[in-house]
Amino acid sequence: MLENPPPCPKCSCEYTYEMDALVVCPECAHEWAPGEAGEVGDAGVQDGGRVVKDAVGNVLRDGDSVVVVKALKVKGSLSGIKAGTKVRNIRLVDGVDGHDIDCKIDGFGAMQLKSSVVKKG
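Residues numbered from 1 in each chain as written. Predicted model: local features only at pLDDT ≥ 70, side-chain atom pairs only at ≥ 80, totals over all residues. Heavy atoms only, no water.

> Account for the overall build of the protein chain, naming residues and giving values.
Counting its secondary structure elements, the protein chain contains 0 helices and 9 strands. Starting at the N terminus and walking to the C terminus, you meet the elements of the protein chain as β-β-β-β-β-β-β-β-β. Split into buried and exposed, the 121 residues of the protein chain put 31% on the buried side. Within the protein chain, residue pairs in contact and separated by at least 24 positions form 35% of the contacts whose partners lie at least 6 positions apart. When the accessible surface of the protein chain is totalled, it reaches about 7,900 Å², and 48% of it is carbon and sulfur. (Helix = DSSP H or I, 4+ residues; strand = E, 2+ residues; numbered from the N terminus. Buried < 20%, exposed > 50% of the residue type's maximum accessible area, 1.4 Å probe, protein only. Contact = heavy atoms within 4.5 Å. Areas by Shrake-Rupley, 256 points an atom, 1.4 Å probe, with all protein chains shown as cover.)

Structural data, given as structure tokens:
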């Protein structure tokens, strides 16, 4: 018997429970065996059960390099970030207002970007 059953790998529900040899999610009815090989990682599930995808649907992970797909305005700067700018070593965060990528951009410094304006590169 597990003391703290893991969250659901499909919907991230934390109210899972154990039934016989399986763990069951009450929200989406997904059932899986604890420690199953496909439990975490198959669909790019990050810690906490979150999947972050870029503008074209590729799964992003910490440390990836991405390319900005559209020009972005930056407050306090005369020039914005141009489309095609490469950003290395991103970090996925629970940001404010959909900004879920933390990164450093040459010439601008540390900032947060939305995953919908980048593609894996």
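> Describe the layout of surface pockets, and please don't skip the residues or the numbers.
As a volume, the largest pocket reaches approximately 160 Å³. Looking at the largest pocket, the residues that line it are Leu72, Lys73, Val74, Lys75, Ile81, His99, Met111, Gln112, Leu113, Lys114 and Val117. Its residues assigned to classes, the lining of the largest pocket comprises 6 nonpolar, 2 polar and 3 charged. (1 Å grid on protein atoms, 1.4 Å probe; cavity = no way out; pocket = protein on both sides within 12 Å on 5 of 7 lines; lining within 4 Å. Points joined across faces, edges and corners; volume = space filled by probe spheres on them. Nonpolar A, V, L, I, M, F, W, Y, C, P; charged D, E, K, R; others polar.)

> Before we move on, could you go through the pattern of salt bridges and cite the residues and values that matter?
Throughout the structure, instances matching the rule amount to 2 salt bridges. Here Lys120 makes a salt bridge to Asp64, at a shortest N to O gap of 3.6 Å. Taken as a pair, Lys120 in strand β9 (residues 118–120) and Asp64 in the loop between β3 (31–32) and β4 (66–68) lie far apart in primary sequence, 56 residues in all. (Salt bridge = Lys/Arg side-chain N within 4 Å of Asp/Glu carboxyl O.)

> Would you mind going over the sheet that holds β3 in detail, with residue names and values included?
Strand-to-strand pairing in sheets goes through backbone hydrogen bonds, with the strands running parallel or antiparallel. Strand order in the open sheet formed by 3 strands is β1-β2-β3, with antiparallel pairing between adjacent strands. Each end of this open sheet is capped by a strand with a single partner; those strands are β1 (17–19) and β3. Both β1 and strand β2 (residues 22–24) contribute to a ladder of 3 bridges, which runs antiparallel. Bridged to Glu18 within β2 is Val23. (Pairing = 2+ DSSP bridges.)

These results come straight from atomic positions and should not be treated as a statement about function.
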